[in-house]
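An overview of the molecular structure
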Amino acid sequence: MTTIPRWVVSLVDENFSALNADAPRDLEATFTWDAVLTDMQTGVQVSGAAEISEYMTSFEDLTVERTSAVVYRDDYATFTFRYGNEATSMSAVITFKIEDGQIAHQWIMADQPGGYGA
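This section reports on the structure supplied with the text. Owing to the predicted nature of the structure, the values given are computational and were not obtained by experimental measurement. (Residues numbered from 1 in each chain as written. Predicted model: local features only at pLDDT ≥ 70, side-chain atom pairs only at ≥ 80, totals over all residues. Heavy atoms only, no water.)

Looking only at helices and strands, one finds three helices and seven strands in the protein chain. Relative to the compact-globule value of 13 Å for 118 residues, the protein chain shows a C-alpha radius of gyration of 13 Å, a close match. Each principal axis of the C-alpha atoms in the protein chain carries an extent, and together these give about 40 × 30 × 25 Å. In the protein chain, buried positions account for 42% of the 118 residues. Summed over all atoms, the accessible surface of the protein chain reaches about 6600 Å², with 49% contributed by carbon and sulfur. (Helix = DSSP H or I, 4+ residues; strand = E, 2+ residues; numbered from the N terminus. Rg over C-alpha atoms; globule rule 2.2 N^0.38 Å. Buried < 20%, exposed > 50% of the residue type's maximum accessible area, 1.4 Å probe, protein only. Areas by Shrake-Rupley, 256 points an atom, 1.4 Å probe, with all protein chains shown as cover.)

Here we come to the environment of aspartate 39. With respect to the element layout, aspartate 39 can be found in strand β1 (residues 31–39). Each C-alpha atom, one on aspartate 39 and one on serine 58, is 15 Å from the other, the two residues being 19 residues apart in sequence. A polar atom in the side chain of aspartate 39 sits 3.3 Å from the backbone nitrogen of threonine 42. (Polar contact = N/O pair within 3.5 Å; in protein donor to acceptor, adjacent residues only side chain to side chain.)

What follows deals with the pairing of strand β6 (residues 89–99). Across nine bridges, strand β5 (residues 76–84) lies against β6 in antiparallel orientation. The residue bridging alanine 77 from the neighbouring strand is phenylalanine 96, located in β6. The hairpin formed by β5 and β6 contains four residues between the paired strands. Here β6 pairs with strand β7 (residues 102–110) via eight bridges, running antiparallel. When the bridges of β7 are listed, isoleucine 94 appears paired with isoleucine 108. Once β6 ends, the chain turns through two residues before running back antiparallel as β7, passing aspartate 100 with a positive phi of about 50°. (Pairing = 2+ DSSP bridges.)

Here we take up helix α1 (residues 6–20). Over its 15 residues, α1 extends 21 Å from the first C-alpha to the last, a length consistent with the 21 Å expected when each residue adds 1.5 Å. Val8, Leu11, Val12, Asn15, Phe16, Ala18 and Leu19 are the residues of α1 that are buried. Angular distribution of buried residues about the axis of α1 spans 165°; they occupy a single face of the element. Within two residues after α1, aspartate 22 carries a phi angle of roughly 55°, on the positive side. (Expected span 1.5 Å × (residues − 1). Arc of directions from axis to C-beta.)

Turning to the packing of aromatic side chains, a few remarks are in order. Summed over the entire model, instances satisfying the criterion amount to seven aromatic pairs. An angle of 70° between the planes, with centres 5.6 Å apart, marks the rings of phenylalanine 79 and phenylalanine 96 as edge-to-face. Within this pair, whereas phenylalanine 79 is found in strand β5, its partner phenylalanine 96 is found in strand β6, the two being separated by 17 residues in sequence. Using a relative accessible area of 1% as the deciding quantity, one classes phenylalanine 79 as buried. Overall, phenylalanine 96 belongs to the buried group, its relative accessible area being 0%. Plain terms: the ring middles of phenylalanine 81 and tyrosine 83 are 5.7 Å apart, the flat faces sit at 40° to each other, and that makes the pair tilted. By way of ring pairs, the aromatic residues Phe16, Phe79, Phe81, Tyr83 and Phe96 are connected into one cluster. (Phe/Tyr/Trp six-rings, centres within 6.5 Å; stacked < 30°, edge-to-face > 60°.)

Next up, the structure:
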């Protein structure tokens with residue numbers, strides 16, 4: 001089994017910490033300037049680090065928690081997480097394409113019919 005570079009797990013955790021803290025600039029810093037977010041459930045696609053940060057922080061009282069180890073291979077990091085607020089909590093899978101220490105593409109596969117943050 002290959003050891004996962006510590007910086008990969010740190011990047012994942014920094015991304016989630018910034019989202020939970022509602023810190024758009026810190027969240028934006030985890031993405032490349034031309035990053036893409038794709039919500040596989042809804043088909044929503046958001047391009048650009050600032051736009052992704054704005055989109056992800058637009059959900060009221062959203063919290064995220066990683067619920068599995070991070071699997072990393074060939075510049076892709078994948079893990080499961082729970083997201084929601086006091087009223088709902090759902091499970092999902094995220095895959096990050098990582099380039100130069102930042103997230104270049106994020107795919108979200110959620111079990112909620114309305115997608116991430118619904």
